Amino acid sequence: MTELALDNRTLPDRSTVVGWLQNYGVYLGLTVLLLFNVFFTDHFVSGENFRTQAVQVSPVLIVALGMALAIGTEGIDLSVGAVMALATSVTSLYLGYGPWLALVAALVGGAVIGLANGSLIAFVGVQPIVATLALMVGGRGIALVLLPQLKDVRDPAMATLGSGSVAGIPYLALIAAALALVVGFVVRRTTFGRRLLAIGDSRPAAQLAGLPVHRVLITVYVCSGVLAAVAGFLATARLQASDPSSLGNLMELSAITAVVVGGTPLTGGRVRIGGTVAGAVLIQLLTATLIKHDLPSSWTQIAQAVVIVLAVYAARERGKR
């Protein structure tokens, strides 16, 4: 009987294992995928490949940072892909006045969409998934009205931003890393971050405690819109073209996957920025691995769906403990 009791104490139960996987599984998965590529993918270990992966993951990571804030409030933002499309349209229209003015115009567009999302959620009481779904459809429609077709972007500053680097590190990756540090600091070290998590944990309790719930929610969705606009601007610089019909398509799926896989629960009250970064890298590396091994692009979407289901299941199991 004593030996059995000792065995039960030394063996972790299922909920402990699931909790560990939810907290650290993204790092384990990323390590396994890296090792697989090192040994089985040709030309994976090269500076050019790492640079390519860093450039491609940057817009996903930037959008995922805003998505993490929205999910932290027990919400979601499905309009991020449409905001990227709007940003590329506005960038193309205003680039003749200079890249800085084009960037400001793109950021204003993202902020307006975020303000509309936040107002519908905070003041009207519309569910986040419904409000942002409406702006997802309407935002891309506006983008296509502003720029109905593909247009080349020819500007030296944009070209440098999209393809330039410092010490071999692309500008896009440096910007994404800087934004991740800023968002991480805001969540962990500021009053706004604590209020955000309190609202996600229990909005009624936050209201009873006198927290400015409406203001925080609007700020969160404005931040998400602005970050998505930054991603759209950078993607335009990288591609040297504005294509609102395709830019940002399914970006909301990639962002949600990165956030959830990174350990941020859909029930709100917690935001893991480090996990979100790892989740974005994992999704990008998974996509690149499938492509390098000549699998159809449709398998990427299937793989992401499987990863989301596993991550949500882990979060659900942890919540039962």
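Residues numbered from 1 in each chain as written. Predicted model: local features only at pLDDT ≥ 70, side-chain atom pairs only at ≥ 80, totals over all residues. Heavy atoms only, no water.

What should I look at first to understand the packing of helix α5 (residues 99-124) against helix α6 (residues 128-146) in this one?
Helix packing for two helices is described by the angle between their axes and how far apart those axes are. Look at α5 against α6: their axes get within 9 Å of each other, and the N-to-C directions meet at 150°. By the criterion of interaxial angle, the relationship of α5 to α6 is roughly antiparallel. Between α5 and α6 lies a crossing of right-handed hand. Residues Ile113, Ala116, Asn117, Leu120 and Ile121 of α5 form the contact with α6, whose participating residues are Pro128, Ala131, Thr132 and Leu135. (Axes fitted to C-alpha atoms, helices over the stretch in contact; angles between N-to-C directions. Helix = DSSP H or I, 4+ residues; strand = E, 2+ residues; numbered from the N terminus. Parallel < 35°, antiparallel > 145°, perpendicular 65-115°, else oblique. Left-handed = near helix turned anticlockwise from the far one by under 90°. Contact = heavy atoms within 4.5 Å.)

Looking at this model, I keep getting lost on the side chain of Thr91. Mind explaining?
Residue position: Thr91 is located in helix α4 (residues 80-94). Dropping the residues within four chain positions of it, Thr91 is found in contact with Ala102, Ala106, Met158, Phe233 and Thr236.

I'm lost on the environment of Ile62 in this one. Help?
Following the sequence through the fold, Ile62 ends up in helix α3 (residues 47-72). Relative accessible area serves as the criterion here: at 0%, Ile62 is assigned to the buried category. For the pair Ile62 and Ala255, spaced 193 residues apart in the sequence, the C-alpha separation amounts to 8.7 Å. Look past the residues within four positions of Ile62 in its chain and what remains in contact with it is Ala176, Leu179, Leu227, Val230, Ala231 and Leu234. (Buried < 20%, exposed > 50% of the residue type's maximum accessible area, 1.4 Å probe, protein only.)

Which parts of the structure should I look at to understand the packing of aromatic side chains?
We describe a pair of aromatic rings using the distance from one ring centre to the other and the angle between the two ring planes. By the definition in use, this model includes three aromatic pairs. Seen from their ring centres, Phe36 and Phe40 are 5.2 Å apart, and the 40° between their planes marks the pair as tilted. Note that Phe36 and Phe40 are positioned in helix α2 (residues 14-40) at a spacing of four residues, about one turn of the helix. Judged by relative accessible area, Phe40 falls into the exposed class, the value being 56%. Centre to centre, the rings of Phe44 and Phe50 are 5.7 Å apart; their planes meet at 85°, and the pair counts as edge-to-face. Classification of Phe50 as partly exposed rests on a relative accessible area of 42%. (Phe/Tyr/Trp six-rings, centres within 6.5 Å; stacked < 30°, edge-to-face > 60°.)

So what exactly am I meant to see when it comes to a nonpolar patch on the surface here?
Together, Leu93, Tyr94, Tyr97, Leu101, Val104, Val108, Val112, Ile142 and Leu146 make up a nonpolar patch on the protein surface, roughly 820 Å² of accessible area in all. Listing elements by their share of the nonpolar patch, those giving two or more residues are α4, α5 and α6. Looking at the nonpolar patch element by element, the count peaks at four residues for α5. Examined against the element boundaries, Val112 turns out to sit in helix α5. (Patch = residues over 30% accessible without salt bridge, like charges linked within 9 Å, V, L, I, M, F, W, Y side chains within 5 Å. Areas by Shrake-Rupley, 256 points an atom, 1.4 Å probe, with all protein chains shown as cover. Salt bridge = Lys/Arg side-chain N within 4 Å of Asp/Glu carboxyl O.)

Explain the environment of Leu227 here, please?
In this fold, Leu227 is placed in helix α11 (residues 213-239). Counting along the chain gives 48 residues from Leu227 to Leu179, while the straight-line C-alpha distance between them is 8.8 Å. What Leu227 contacts, discounting residues up to four positions off in sequence, is Ile62, Leu65, Gly66 and Leu179.

Please clarify how α11 should be interpreted in this entry.
The terminal C-alpha atoms of α11 lie 39 Å apart, and with 27 residues this matches the ideal 39 Å at 1.5 Å per residue to within 8%. Counting buried residues in α11 gives 19 out of 27 residues, a clear majority hidden from the surface. A positive phi of about 55° marks Gln240, the residue just after α11. (Expected span 1.5 Å × (residues − 1).)

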